[in-house]
Amino acid sequence: MARGAAFETVAVWMARTALAAVFVYAGAVKVLDPAAFARAIDHFRLLPHLLAPAMAVYLPWVEIVGGVGLFWPRGRAGALLLLLGLCLLFCAAITSALARGLDISCGCFGDGGESSPSLGFSLLRSMFLALIAWWLWWRETGTPAGEARSADSPGEPTHPPID
Amino acid sequence: MTLFRILPARALSQAAWLLLAAWVPALLTAMWHPRRPTWGPENAPVAEVTWSQASGGAGQVLWIDARSATVFAGGHVPGALSLNEAEWEQGLPAVVKAWRPGVKIVVYCDDRACEASQSVARRLRRELGLDEVSVLKGGWRAWLEAQHSKP
Amino acid sequence: MKALLRFLSALVVAAVPAAALEWSVQGMELKTVVGQEKAVAVFPFRNRSDKPVRIISVMPSCSCMATAPAKEVYAPGEAGEIRVEIALSGYVGRLRRSVAVETDEAAARFADLTMTLDIPEAVVLNPRFLFWEVGDKPEEKHLEIVATEPAKTSVGEIVSSDPAFQARLEATGRPGVFRLWVRPKDTQSRIDATIRLNVVLVGRPETRVVYVAVK
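Residues numbered from 1 in each chain as written. Chains lettered and ligands numbered in written order. Predicted model: local features only at pLDDT ≥ 70, side-chain atom pairs only at ≥ 80, totals over all residues.

**Digging into the overall build of chain C**
Within chain C one finds one helix and 17 strands. Counting every position in chain C, which comprises 215 residues, the buried fraction comes to 22%. (Helix = DSSP H or I, 4+ residues; strand = E, 2+ residues; numbered from the N terminus. Buried ≥ 20, exposed ≤ 12 C-beta atoms within 10 Å, placed from the backbone.)

**Some thoughts on the sheet that holds strand 3 (residues 81-82) of chain B**
All names here are of chain B. Spatially, 1-5-4-2-3 is the arrangement adopted by the five strands of the open sheet, whose pairing is parallel. Edge positions in the sheet fall to strand 1 (48-49) and strand 3, since each of these pairs with one other strand and no more. Bridge count between strand 2 (residues 61-65) and strand 4 (residues 104-108): five bridges; the pairing is parallel. The partner of V61 across the bridge, within strand 4, is K104. (Pairing = 2+ DSSP bridges.)

**Focus: the sheet that holds strand 11 (residues 129-132) of chain C**
Residue and element names in this part refer to chain C. The mixed open sheet is built from four strands, whose spatial order is 11-17-16-13. Taken across any chain shown, the strands that pair with only one partner, and hence form the sheet edges, are strand 11 and strand 13 (153-160). Along the sheet, successive strands turn relative to each other by an average axial angle of 25°, direction set aside. Here strand 13 runs beside strand 16 (residues 191-201); their pairing, made up of six bridges, is antiparallel. The residue of strand 16 that forms the bridge with V155 is V199. (Axes fitted to C-alpha atoms, helices over the stretch in contact; angles between N-to-C directions.)

**Points about the packing of helix 4 (residues 76-99) of chain A against helix 1 (residues 9-32) of chain B**
Between helix 4 of chain A and helix 1 of chain B, whose axes approach to 7 Å, the crossing angle comes to 75°. Considered as vectors, helix 4 of chain A and helix 1 of chain B are oriented roughly perpendicular to each other. For the pair helix 4 of chain A and helix 1 of chain B, contact is made by A77, G78, A79, L81 and L82 of chain A and by R10, A11, Q14, A15, W17, L18 and L19 of chain B, respectively. Taken together, the residues of the contact of helix 4 of chain A with helix 1 of chain B break down into nine nonpolar, two polar and one charged. (Parallel < 35°, antiparallel > 145°, perpendicular 65-115°, else oblique. Contact = placed C-beta atoms within 7 Å. Nonpolar A, V, L, I, M, F, W, Y, C, P; charged D, E, K, R; others polar.)

So, in structure tokens, the structure goes:
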């Protein structure tokens, strides 16, 4: 019983770290070249052209702040909500681009098209991240036991976690 | 395990605070980043028109072929002029001569994925100072399809 | 636990197939200056596998580039480079060009080398075209001439191709910024003409053409 709870906690930690790592990395790469990211956003033809620079400058920081916020117990729920929202937003944008037959690269990791993965792969990746974020969100805000766990105690209080 | 939960208020407020926190570095980026994006309507993409919109409209259309000269020689929209970035200065005089006020310029290249029509259209819009410049959605391929589906 | 970590990281990071030719860079940004006629990009690589690799073809994305690898076959451990020369004449603004290198490797047969260039326009004419409609008032209209690097540029004589159009150059207070004022004699009939600006760019004489017309 203790082993099961400890395993879940370890899994939660790893999922959280992986999610944070992906978003902080993605955000950081976009922060390095906002002009290139603005061009990538333009290629999606979803936002009016004049709003693309604003989004290109703001979104990467939302990703970074969201990723970092996962490690702060007081901000975790909000961060998860934010990242889940971002994943759904990306999925919607990529799906829309695929539906309209746009021949573009994702722009997920900054650039507007240099040897980057196909849109389909990017969509699968976003969906996978959304699943992880949703699972963490459910654990964070679901049952009252979940609420207690989110205060960072290592599972069952009477047994030490078994690796 | 329920799939939907009513979003707890604390999560919403935390998210709002995080969104607000992201504003500060974003503003700094917008002001000082050496690679910040330019706010320029001249870099705005040129509007796309479909074949039926272009050919069906009231005014006259001046077709511009943005592909290379060899491809142009192999087949082009009747009456189209060849203008591409590699031979810009050579191709521009014919375009200027052919244009009249009220004539719409529509630029096309191979198909929907090519960028040449956008760059040629943007450059035309900028250099000639004209507003009524658009890009043919689907390019040369769209024109071919339109010909095949004619009764 | 370590296995789980590895599994997760493998899912998150895209798997990159191991290629025999290892490139120092596969994409580069080239800076060009006003007056430059061609740009050169060099892509070094090394054969990291234990078999010789043969370069089958090097294909540029447009006819504006000349490419050549030094030789065809590279022994294991041998280094080489692909040199690309891009002709810049006629182009302005942001340019993206790519070269596809095909080798006889099994895993990664095609390598894409991309070059992004920002070509500055030496003399910016804003706009390049002035027109009047038949019956309009033959009033003076102007366009702006901006030299991107005033120290390297000088604007000289202006020549109108048709006496129906008179042109004069006006210097504004700002360095490298001029105004070209043009007036047609009348707007009774359609005419197309050009105004040639003789400029000297980095010591080289060049012409810039402005189009004027009564339509």
